[in-house]
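What follows is each chain in one-letter form.
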Amino acid sequence: MGKADFLSPKAISNRIKSKGLQKLRWYCQMCQKQCRDENGFKCHCMSESHQRQLLLASENPTKFMDYFSDEFKSDFLELLRRRFGTKRVHNNIVYNEYISHREHVHMNSTQWETLTDFTKWLGRKGLCKVDETPKGWYIQYVDRDPETIRRQEEQARKKKQELDDEERSAKFIQEQVRRGMDGKEAEQAQSVYTELKRESEEEKVAFNLSAPVASSSRSSSVLSTLKAPASSSSVKRKEAPSGSDSRGERKKKSALEEIMEIEEKKKKKQSSAVRTDYWLQPNIVVKIVTKKLGEKYHKKKAVVMEVKEKYGAVVKMIDSGDKLKLDQNHLETVIPAPGKRVLILNGPYRDTEALLEGIDEKKFSATLTLDSGPQKGDMVDIAYEDFSKLA
């Protein structure tokens, strides 16, 4: 009986049926032929072409099984990577989407008997992360692409660098708080409070707070008192509680302490007169700390080419050569390795070139050897923010 005409209803129905998925038991993987019913599959198995394929497979069955297993594994993982990425998903969902393609490799021609065996094999080989739950097996694709690994390492390096900067800032703040607490404890230790007593019950004690303080060390700590006449015995003063008149008596200062206090005030006055709120200088290396310019310039180093109105600067990126105009609030100084040359940007040694000798992380300062000026060769301690690396 001949075939039906191409445009006949039966021929069209046959073509529609052949496009869809058919039963797996009527599919021949060796010939890659799908039959629509049992009779068609039986006729195919008796055909000469099928018999030749069986003879080829019988010569080396392991070769054909390995080939189909590799095809199944690569197509399955490619679908998992492209469709779900690195998300955790049920293995049956991926498998149903895989077999929806008509030309897929069937699992009964591979080395795995069930989908569970294939899932466990993926976990043993490290191709996926697998875990068993009451709802079944879940898989998660492990992306081992070199470009992806490089990108993840770059992100981890940036994150570590940001954490290092934050830790350094936190240590600096903790050090400042500790110094403030030590100074407060030392001041409290120097203050000695004594109980205020009167020699006679008939004596009335008064304090003249408006009296000028004497310049000498002895008169500066003694408060003048006015004594009432002895006849005013009828006036009685109640005893004050302990510590209520702490302003009445203070510890006397020695001449050496007064001289040291005067010298310290002179130094503070000189340093405050020399220091300024701007520090930018040409030919120094700085780091961009603002995130408004994007990741391309964040935490990158540049060289100051020109200073604009004391607080702005035109900088040139070291890696890309781009030129930017930034405010000094968007920049910070760069601390080089010991042995490198730096420029002091603020304080009494401003505009002085020096050689970095060592770094004190606890005090957030560095030891510099001056290379110019009248004090050339002297070693000084300068804070991190008051010097930067020379270009």
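Details of the structure are given in the entry above.
Since this is a predicted model, take the numbers as computed values, not measurements.

Conventions used here
Residues numbered from 1 in each chain as written. Predicted model: local features only at pLDDT ≥ 70, side-chain atom pairs only at ≥ 80, totals over all residues. Heavy atoms only, no water. Helix = DSSP H or I, 4+ residues; strand = E, 2+ residues; numbered from the N terminus. Buried < 20%, exposed > 50% of the residue type's maximum accessible area, 1.4 Å probe, protein only. Contact = heavy atoms within 4.5 Å. Areas by Shrake-Rupley, 256 points an atom, 1.4 Å probe, with all protein chains shown as cover. Pairing = 2+ DSSP bridges. Axes fitted to C-alpha atoms, helices over the stretch in contact; angles between N-to-C directions. Phe/Tyr/Trp six-rings, centres within 6.5 Å; stacked < 30°, edge-to-face > 60°. Lys NZ or Arg CZ within 6 Å of the ring centre and 35° of its normal. Salt bridge = Lys/Arg side-chain N within 4 Å of Asp/Glu carboxyl O. Polar contact = N/O pair within 3.5 Å; in protein donor to acceptor, adjacent residues only side chain to side chain. Core = buried A, V, L, I, M, F, W, Y, C linked by side-chain atoms within 4.5 Å.

### Observations regarding the overall build of the chain
Step number 1: When you go through the chain residue by residue, the secondary structure sums to nine helices and 15 strands.
Step number 2: Counting the 391 residues in the chain, one finds 25% classified as buried.
Step number 3: For the chain, the proportion of contacts with a sequence separation of at least 24, taken over those separated by at least 6, is 47%.
Step number 4: In the structure as shown, the chain presents an accessible area of about 27900 Å², 52% of it carried by carbon and sulfur atoms.

### Focus: the sheet that holds strand β4 (residues 128-133)
Step number 1: Pairing is antiparallel in the open sheet, where three strands are placed in the order β3-β5-β4. Looking at strand neighbours, the two that pair on one side only are β3 (88-90) and β4, the edges of this open sheet. Across the sheet, the mean angle from the axis of one strand to that of its neighbour is 30 degrees, orientation sign disregarded.
Step number 2: One ladder, built from six bridges, connects β4 with strand β5 (residues 136-141); its direction is antiparallel. The residue of β5 that forms the bridge with D131 is Y138.
Step number 3: Contacts from helix α5 (residues 91-99) reach β3 and β5 within the one sheet, and its direction differs from that of β3 by about 70 degrees.

### A few points about the packing of aromatic side chains
Step number 1: One pass over the full model with this rule turns up 13 aromatic pairs.
Step number 2: One aromatic cluster in this structure is built from F72, F76, Y98, W112, F118 and W121.
Step number 3: We note R83 situated over the ring of F84; from NZ or CZ to the ring centre the distance is 4.8 Å.
Step number 4: If you follow R88 out to its NZ or CZ, it ends over the ring of Y138, 4.2 Å from the centre.

### Details of the pattern of salt bridges
Step number 1: A full pass over the atoms with the stated rule returns 11 salt bridges.
Step number 2: When the shortest N-O distance is used, the salt bridge between K296 and D322 registers 3.5 Å. In this pair, K296 sits in the loop between β6 (285-288) and β7 (301-308) while D322 sits in the loop between β8 (312-317) and β9 (323-327), placing the two residues 26 residues apart along the sequence.
Step number 3: Owing to a relative accessible area of 52%, K296 belongs among the exposed residues under this scheme.
Step number 4: Classification of D322 as partly exposed rests on a relative accessible area of 23%.
Step number 5: As a salt-bridge pair, K308 and E306 come within 3.2 Å of each other at their nearest N and O atoms.
Step number 6: Put simply, E78, R81 and R82 are held in one network by salt bridges that share partners.

### Here's the deal with the side chain of T352
Step number 1: Inspection of the secondary structure puts T352 in the loop between β11 (341-344) and β12 (353-360).
Step number 2: A residue is classified by how much of its surface remains accessible, and T352, at 11% relative accessible area, is buried.
Step number 3: Looking at T352, its side chain comes within polar contact range of the main-chain oxygen of Y349, at 2.9 Å.

### Remarks on the sheet that holds strand β15 (residues 387-389)
Step number 1: In spatial order, the strands read β14-β13-β12-β11-β15; together these five strands make up an open sheet with antiparallel pairing. The sheet is open, and its two borders are formed by β14 (379-383) and β15, each paired with just one other strand. The average angle at which neighbouring strand axes cross in this sheet is 45 degrees, direction not considered.
Step number 2: Here β11 pairs with β15 via three bridges, running antiparallel. Each bridged residue has a counterpart across the sheet, and for I344 the counterpart in β15 is F387.

### With respect to the pairing of β6
Step number 1: Burial along β6 is two-sided: the residues V285 and K287 and V286 and I288 are all buried.
Step number 2: Examined bridge by bridge, β6 and β7 share three bridges and lie antiparallel to one another. For V285, the partnering residue across the bridge sits in β7 and is V303.
Step number 3: Bridge count between β6 and strand β10 (residues 331-333): three bridges; the pairing is antiparallel. When the bridges of β10 are listed, V286 appears paired with T333.

### Structural notes on the environment of E295
Step number 1: Considering the arrangement of structural elements, one finds E295 in the loop between β6 and β7.
Step number 2: Look at E295 and you get partly exposed, because its relative accessible area is 47%.
Step number 3: Distance from E295 to K158, taken between C-alpha atoms, is 9.8 Å for residues 137 residues apart in sequence.
Step number 4: With sequence-adjacent residues up to four places away left out, E295 is seen in contact with K158 and K300.

### Here we look at the environment of S69
Step number 1: Topologically, S69 is positioned in helix α4 (residues 61-84).
Step number 2: As for S69 and M107, which are separated by 38 residues in sequence, their C-alpha atoms are 8.1 Å apart.
Step number 3: Sequence-distant contacts of S69, defined by excluding residues within four places in its chain, comprise T110, Q111 and W112.

### Some words on the nonpolar core
Step number 1: Ranked by internal contacts, the top residues of the largest apolar core, which has 21 residues, are F72, F76, L80, V94, F118 and L122.
Step number 2: Secondary structure elements with two or more residues in this core: α4, α5, α6 (115-125) and β5.
Step number 3: With seven residues, α4 is the largest single contributor of residues to this core.
Step number 4: Residues contacting L122, with those up to four places away along its chain left out, are F76, L77, L127 and C128.
Step number 5: Among the nonpolar cores identified, the runner-up in size contains 17 residues, and V286, A313, M317 and L390 belong to it.

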